[in-house]
Amino acid sequence: MQDLHRAAYHFQPEGNWMNDPNGPVWLKNGLHLFYQYNPFGAAWGNMTWGHALSPDLLHWKRLSPALRPDQPYDKDGVFSGCCVVKDGLPHILYTGVNPKQTQCLAVGDALGEAFEKYPGNPILPEPPVAGMADFRDPYVWKEEDGYHMAVAGGYKGQGGVVFAYQSDDLVSWRYMGELCRGDDPKNDVWECPNLLLFPDGQAQLLLSLIGSSGVYALEGRYAGNRLTPKRALYRYDLGDSYYAPNSFRLPDGRLITLGWLRETVPGREGSGWQGMMSLLREVSLASDGSVQVRPLKEMERLRNGRLFTRKNFTVRSGDNPLKGVHGRQLEILLRFEAGADELLLELAKSPAGEEKAVVSFDGGSDYLQADCSKAGGAAAPCGGATAGRGVNELRIFLDGSALELYLNNQETLSTRLYPSREDSDGLRLYARGAVRILEAQVYRVGSAYEED
Ligand code: FRU
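The model shown is predicted, which means the values in this text are computed figures rather than measured ones. Numbering of residues starts from 1 in each chain and follows the order in which that chain's sequence is written. It should be noted that, the model being predicted, local features are given only for residues of pLDDT at least 70 and side-chain atom pairs only at 80 or more, the latter also being counted only at that level, while totals for whole chains, interfaces and linings use all residues. Side-chain measures here rest on the full set of heavy atoms in the structure, leaving out hydrogens and waters.

Caption draft 1: Highlighting the site of the ligand. Lining the immediate surroundings of the ligand are Asn19, Asp20, Gln36, Trp44, Met47, Phe79, Ser80, Arg136, Asp137, Glu191, Tyr243 and Trp260. One of the side-chain N or O atoms of Trp44 is found 3.0 Å from an oxygen atom in the ligand. Here an oxygen atom of the ligand sits 3.2 Å away from a polar atom, N or O, in the main chain of Ser80. For the ligand, whose unbound accessible area comes to 320 Å², protein coverage reaches 92%. Strands here mean DSSP runs of E at least two residues long; helices mean DSSP runs of H or I at least four residues long; both are numbered from the N terminus. Those elements that provide at least two residues to the shell around the ligand are β1 (16-27), β5 (77-86) and β9 (135-143). Under this grouping Gly is polar, as are all residues other than the nonpolar Ala, Val, Leu, Ile, Met, Phe, Trp, Tyr, Cys and Pro and the charged Asp, Glu, Lys and Arg. Its residues assigned to classes, the shell around the ligand shows 5 nonpolar, 3 polar and 4 charged. We define proximity as follows: a residue is near a molecule or strand when any one of its heavy atoms falls within 4 Å of that partner. Counted as a polar contact is a pair of N or O atoms within 3.5 Å, where, for protein atoms, one must be capable of donating a hydrogen and the other of accepting one, and residues adjacent in sequence contribute only when both atoms are in side chains. For the accessible areas, the method is Shrake-Rupley and the probe is 1.4 Å, while residue cover comes only from the protein chains on display.

Written as structure tokens, this is what we have:
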């Protein structure tokens, strides 16, 4: 029987376990995406760099792994990292584990077909602070004065830290001090730092916090290897599935991030796979200085038929204008006026409603929520307060067990659902009170895999 929890347009390996996206990089033949992968099972282990190629940012071709744990210094795992192009060749920086964590280099050919580990590995054999066990996930970018690297670490019982390094050749690195440091004992290891740089020294640092099980962001000014935050650490994705995002730039300059959509319930190993990739998200800076996140524009080309469209109507409690619209691979667009009332959308709904996931936006508190507890997902709903607006625009992507929400190109919420019935594919749109819908559209979304 078809596994209805698999994704059709989110990237996934054919089977087995995957976690973090690693080293996304645009080469001559397209976007190379690597990821933490277990070639031998559907649980975390044997960390290898899985490899996939997308010529058009929409369709994926799965390739054989790029890096395996086959050296003394990385025999316990080829952990997360990044990829930068130097002299026309992709240079991967990753963490080798043996079990000590060190930073290592591997260089590929121009088309990213094969990678060779640097014979002098590890290039960074020790953390800058003695005795620090967590020292991983290098992230490299180029500035006028050379290459810069952020590496994650943590002071036990005190807080996470990101270390700053500098290099001219990607091989020998100088320690430049702490890029920034946290003071939350519950989050004493930061993972997968990604520094997104915008004009005039504005920056956003993405951090994955194991303690809080989520991605957080620090915004501020970056100069002289330091980040000076201008607002407190805040939750970057309001859901319970997004983790360890990585970023890259397209040749046209667009800054893109993507993250791991992890399973939200235990016991999924029996399905033969766990984990998938989020959609590619374009990140930009608005004129008011706020960071915006939206699905990649190209996604519209994957639309495969419009199932519903209507403008200017009001929904109330007993309504369902989406009756008769079905699908598990959908994009839904809702533009609505947020008064004080709550707009609700049920997805993956069985005919009598025993199974359903419920997305809701409460106009009174500007709170966005997804509750997948009646669709096999996490028992607790996930969500958070949003900036809200007079007119809100919500884009919803449902793809098998993946659910991604984008609100006003500002907040995102990623979660997972695992409905058990084949007929759990209905929709219902209604309100508690009354909500004015300016525009509603539903599209079927096609497959990202040529072989499907
Ligand atoms: C984040 C992480 C990274 C590490 C990798 C190992 O999910 O724990 O810190 O490099 O996964 O798979």
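Caption draft 2: A look at the nonpolar core. Core analysis: the biggest nonpolar cluster contains 86 residues, and Leu93, Val140, Trp173, Leu179, Leu195, Leu205 and Leu227 have the highest contact counts within it. What marks off one domain from the next here is an automatic or database domain assignment. Counting contributing residues, this core receives three or more from each of domain 1 (16-296) and domain 2 (298-445). Throughout, a residue-residue contact means that at least one pair of heavy atoms, one from each residue, lies within 4.5 Å. Apart from residues lying up to four places away in sequence, Val140 is in contact with Cys82, Val84, Leu93, Tyr147, His148, Met149, Leu170 and Trp173. We define a nonpolar core as any set of buried Ala, Val, Leu, Ile, Met, Phe, Trp, Tyr and Cys residues linked to one another through side-chain atoms lying within 4.5 Å. Categorising residues by exposure relies on relative accessible area from a 1.4 Å probe, with only protein chains included: less than 20% of the type maximum marks a residue as buried, more than 50% marks it as exposed, and the intermediate range marks it as partly exposed.

Caption draft 3: Here's a closer look at the sheet that holds strand β11 (residues 159-167). An order of β9-β10-β11-β12 is seen for the 4 strands of this open sheet, with the pairing classed as antiparallel. Since the sheet does not close on itself, it has two edges, and those belong to β9 and β12 (174-181), each with one partner. Put simply, the sheet's adjacent strands are angled 25° from each other on average, direction ignored. Any two strands are treated as partners once DSSP identifies two or more bridges connecting them. Two elements, β11 and β12, share 6 bridges in a ladder whose sense is antiparallel. When the sheet's bridge partners are listed, Ala164 is paired in β12 with Gly177. To obtain an axis, a line is fitted to C-alpha atoms, over the contacting stretch when the element is a helix, and the angle between two such axes runs from 0 to 180 degrees between their N-to-C directions.

Caption draft 4: Examining the domain arrangement of the protein chain more closely. Entries for the protein chain in the domain assignment read domain 1 (16-296) and domain 2 (298-445). Centre-to-centre, using C-alpha coordinates, domain 1 lies 31 Å away from domain 2. Between domain 1 and domain 2, the residue contacts involve 29 residues of the former and 29 residues of the latter. Two parts placed together each lose some accessible area; with a 1.4 Å probe, that loss summed over both constitutes the buried area. Taken together, the two surfaces of domain 1 and domain 2 that pack against each other cover about 2500 Å², and 53% of this comes from carbon and sulfur. Each salt bridge in this description consists of a side-chain nitrogen of Lys or Arg and a carboxyl oxygen of Asp or Glu lying within 4 Å of one another. Counting across the domain 1 and domain 2 interface gives 3 salt bridges. Residue Glu263 is joined to Arg416 by a salt bridge in which the shortest nitrogen-to-oxygen separation is 3.0 Å. Partitioned by chemical class, the residues of the side of domain 1 that touches domain 2 number 13 nonpolar, 7 polar and 9 charged.

Caption draft 5: View of the side chain of Gln166. Considering the arrangement of structural elements, one finds Gln166 in strand β11. The class for Gln166 is buried, based on a relative accessible area of 7%. There is a polar contact of 3.3 Å between the side chain of Gln166 and the side chain of Asn225. Every residue in contact with Gln166, bar those within four places of it in the chain, is listed here: Asp145, Tyr147, His148, Ser172, Trp173, Arg174, Met176 and Asn225.

Caption draft 6: Region of the structure containing the sheet that holds strand β7 (residues 101-108). Strand order in the open sheet formed by 4 strands is β5-β6-β7-β8, and the pairing between neighbours is antiparallel. Because the sheet does not close on itself, it has two edges, and the strands there are β5 and β8 (115-117). Across this sheet, the average inter-strand angle for adjacent strands is 30°, counted without regard to direction. Where β5 lies against strand β6 (residues 89-97), 8 bridges are found, and the strand directions are antiparallel. Bridging from a neighbouring strand, Val84 pairs with His91 of β6.

Caption draft 7: Looking closely at the packing of aromatic side chains. Two rings from Phe, Tyr or Trp (for Trp, the six-membered ring) form a pair when their centres are within 6.5 Å of each other. A pair whose planes differ by under 30 degrees is stacked, one over 60 is edge-to-face, and the rest are tilted. With the rule as written, the count across this model stands at 18 aromatic pairs. Note on Tyr165 and Tyr175: the rings are 5.4 Å apart at their centroids and 55° apart in plane angle, and the pair reads as tilted. On the criterion of sequence distance, the pair formed by Tyr165 in strand β11 and Tyr175 in strand β12 is long-range, its members being 10 residues apart. On the basis of relative accessible area, Tyr165 is assigned to the buried category, the value being 3%. Aromatic ring contacts, followed pair by pair, group Phe11, Tyr35, Tyr37 and Trp60 into a single cluster. For a Lys NZ or an Arg CZ to count as sitting over a ring, it must be within 6 Å of the ring centre and within 35 degrees of the ring normal. Sitting over the face of the ring of Tyr243, Arg262 holds its NZ or CZ atom 4.7 Å from the ring centroid. Across from the ring centre of Tyr242, 4.2 Å away, lies the NZ or CZ of Arg281, which sits over that ring.

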